[in-house]
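Commentary on secondary and tertiary structure
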Amino acid sequence: MGIVPEDGKGLPPPGIVNRNSVWLSGIGWFSAMLNNAFNHRPPLKSGVHRQFLFATIGWYIGYHLTKYENYTYARLDRDMNEYVKLHPERFETKEKKTFAEIVEPFHPIR
């Protein structure tokens, strides 16, 4: 159960340190600091347990968002590759040209 369906369970897990986890952890920590500042408490010194809790919750949410993001991109890649296999006439390979064939000849004007 969760936000990732059963066919997404076969994907490798994301790394513990990823961009979503780090950003949301920082946002959680900053929101605890902001709450301390609004309530006229020393922002860094008071409510350290709340700062740690908010940062941990942000890390958890970021990790699971990354899992869902990886599942979504894997599903889109699977569907795209299946479409390419079903319709190969739409995706013909083109002949490869050299760079000299693409660019016009250079004649300096003096």
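Please refer to the structure higher up on the page.
Bear in mind the structure is a predicted one, so any value in this text is a computation, not a measurement.

**A word on the environment of Asp7**
Position of Asp7 relative to the elements: it lies in the segment before α1 (19-38). Residue Asp7 is classed as partly exposed on the basis of its relative accessible area, which comes to 46%. With 68 residues separating them in the primary sequence, Asp7 and Arg75 have C-alpha atoms 9.2 Å apart. The residues touching Asp7, leaving out its near neighbours within four places in the chain, are Tyr71 and Arg78. Among the polar contacts made by the side chain of Asp7, one reaches the side chain of Arg78 at a distance of 3.5 Å.

**Thoughts on a nonpolar patch on the surface**
A contiguous nonpolar surface patch, about 550 Å² in accessible area, is contributed by Trp29, Phe30, Leu34, Phe38 and Leu44. Within the fold, Leu44 resides in the loop between α1 and α2 (48-86).

**Re the packing of α1 against α2**
Interhelical geometry of α1 versus α2 gives an angle of 150 degrees and a closest axis separation of 7 Å. By the angle class used here, α1 and α2 are roughly antiparallel. Of the two possible hands of crossing, α1 and α2 adopt the one that is right-handed. Class assignment of the residues belonging to the contact of α1 with α2 gives a composition of 11 nonpolar, 11 polar and 3 charged.

**A closer look at the layout of surface pockets**
The calculated volume of the largest pocket comes to roughly 200 Å³. Lining of the largest pocket is provided by 14 residues; of these, Ile3, Val4, Lys9, His64 and Lys67 occupy positions nearest its centre.

**Focus: the pattern of salt bridges**
Scanning the entire structure with this criterion turns up 3 salt bridges. In this structure, the salt-bridge partner of Glu69 is Arg19, at a minimum N-O distance of 2.7 Å. Here Glu69 is found in helix α2, whereas its partner Arg19 is found in helix α1, with 50 residues between them in sequence. Where salt bridges share partners, they join Asp7, Arg78 and Asp79 into one cluster.

How each quantity is defined
Residues numbered from 1 in each chain as written. Predicted model: local features only at pLDDT ≥ 70, side-chain atom pairs only at ≥ 80, totals over all residues. Heavy atoms only, no water. Helix = DSSP H or I, 4+ residues; strand = E, 2+ residues; numbered from the N terminus. Buried < 20%, exposed > 50% of the residue type's maximum accessible area, 1.4 Å probe, protein only. Contact = heavy atoms within 4.5 Å. Polar contact = N/O pair within 3.5 Å; in protein donor to acceptor, adjacent residues only side chain to side chain. Patch = residues over 30% accessible without salt bridge, like charges linked within 9 Å, V, L, I, M, F, W, Y side chains within 5 Å. Areas by Shrake-Rupley, 256 points an atom, 1.4 Å probe, with all protein chains shown as cover. Salt bridge = Lys/Arg side-chain N within 4 Å of Asp/Glu carboxyl O. Axes fitted to C-alpha atoms, helices over the stretch in contact; angles between N-to-C directions. Parallel < 35°, antiparallel > 145°, perpendicular 65-115°, else oblique. Left-handed = near helix turned anticlockwise from the far one by under 90°. Nonpolar A, V, L, I, M, F, W, Y, C, P; charged D, E, K, R; others polar. 1 Å grid on protein atoms, 1.4 Å probe; cavity = no way out; pocket = protein on both sides within 12 Å on 5 of 7 lines; lining within 4 Å. Points joined across faces, edges and corners; volume = space filled by probe spheres on them.

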